[in-house]
Amino acid sequence: MTALEQYRRLEALGLWRESPADQRREVVVSLGDATLVISTPSETALTHWSLPAIERKNPGRVPALYAPGADSTEQLELEDPDMIEALEKVLTAIRRSGPHPGRLRWLLSATIGVGAMALALFWLPEALTRQTVSLLPQAKRAEIGEALLDEITRLAGRPCTAARGRAALQDLTNRVFQGTRVPGVILLPATIPDTIALPGNLIVASAALVEDFETPEVLAGFLLAEDVRRQASDPIQTLLEDVGLVVTFRLLTTGEIADDALAAHAVTLLSRPQPPVDEATLVARFAAANLSTQPYAFARDVSGETVLGLIEADPMRTSGATPLLPDDRWVSLQEICSGG
């Protein structure tokens, strides 16, 4: 101990008693390596006090009173200023180098507090969203999907509903999603993104996908791509991540979702770029539907440069694809927004 080195040979006279009932007796006090040695004037050791345990009973006052511990009945009285100074320096050095339970408790409390905040900020929203998504019944999903559709049509225009066009669209949808859960497909005026998946098994598509292209395979490809996208990211989860923790908690506990939250999410859906889909998964879906990837690929990029993988992986390259719709049904689908 550095603080002890200069006091190793220091001795002083003091008064010591073993208990309050005993008479004080004169003793010689000396500093040892780890103890305070109390001896008779004839150098017979009476006791050894452990330095880390020593406590001063009257800080700042002289004579200084010391005890070998908080509960001890022993007491040492010192008036020698050099010995008092030495003891105070040594005890201060010991306490500084020893453990600090209060500081440890503070550090533990701070760590727990930071952990709790991190839990609330990062884990809780995600966990609450997952829980809500898993517990939401299909009927409520459909209700939310219809409410979102109302918000989207209020912003982008009414759905295209020509009777022959609707029938042709249903034929195409049944053909593309054969053997799977067929979504409800709604065509809106060309002021919206290509496709948007909504809760409740709904897909909203732009009428431009039938009005601006020569074959129904383009619309079919975009519908397949949107189906792959919504299977990778549940539209309900996308909604809840967008509207936040409070709205999610209310939906979980009451089954209700605020109209303004739906309106804000509808605006986001109409303005946010669609994330890309996994190309291998998409090609597999085209193969399962017996569809060529090329009409869809060239509709995305007429040069073919950014969609070369889709073109080269065309599952119908070596065999002819069955036409999606007869010509007259395709014409009716193209006129779905004009009353044809």
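Please refer to the structure higher up on the page.
Residues numbered from 1 in each chain as written. Predicted model: local features only at pLDDT ≥ 70, side-chain atom pairs only at ≥ 80, totals over all residues. Heavy atoms only, no water.

Peer 1: Pulling in residues and values, what's your account of the overall build of the chain?
Peer 2: In terms of regular secondary structure, the chain is built from 14 helices and 10 strands. Evaluated residue by residue, the chain yields a buried proportion of 43% over its 340 residues. In the chain, 57% of the contacts between residues at least 6 apart in sequence involve partners at least 24 apart. When the accessible surface of the chain is summed, it comes to about 18300 Å², and 54% of that surface belongs to carbon and sulfur atoms. (Helix = DSSP H or I, 4+ residues; strand = E, 2+ residues; numbered from the N terminus. Buried < 20%, exposed > 50% of the residue type's maximum accessible area, 1.4 Å probe, protein only. Contact = heavy atoms within 4.5 Å. Areas by Shrake-Rupley, 256 points an atom, 1.4 Å probe, with all protein chains shown as cover.)

Peer 1: Please provide a residue-by-residue account of the sheet that holds strand β9 (residues 195–198), values included.
Peer 2: The mixed open sheet is built from three strands, whose spatial order is β8-β10-β9. Edge positions in the sheet fall to β8 (184–188) and β9, since each has one partner strand and no second. Going across the sheet, the axis of each strand differs from the next one's by a mean of 20°, ignoring polarity. When β9 meets strand β10 (residues 202–206), the two strands line up antiparallel, connected through four bridges. Counterpart to I196 in the pairing with β10 is V204. (Pairing = 2+ DSSP bridges. Axes fitted to C-alpha atoms, helices over the stretch in contact; angles between N-to-C directions.)

Peer 1: Residues and numbers for the sheet that holds strand β2 (residues 25–31), please.
Peer 2: Strand order across the open sheet formed by seven strands is β4-β3-β2-β1-β7-β6-β5, with antiparallel pairing between neighbours. Either end of the sheet is taken by a strand with one partner, and the two such strands are β4 (45–50) and β5 (55–56). Bridge count for strand β1 (residues 11–17) against strand β7 (residues 75–78) is four bridges, and the pairing is antiparallel. By the bridge assignment for β7, W16 is matched with L76.

Peer 1: Quick one: what's the story with helix α8 (residues 235–243), residue by residue and with numbers?
Peer 2: Within the sequence span of α8, burial applies to P235, I236, L239, L240 and V243. Buried residues of α8 fall within an arc of 135° about the axis and therefore sit on the same side. Among the residues of α8, the N-terminal cap falls to D234, whose side-chain oxygen and the backbone nitrogen of I236 are separated by 2.9 Å. Phi for G244, located one or two positions after α8, is positive at around 100°. (Arc of directions from axis to C-beta. Polar contact = N/O pair within 3.5 Å; in protein donor to acceptor, adjacent residues only side chain to side chain.)

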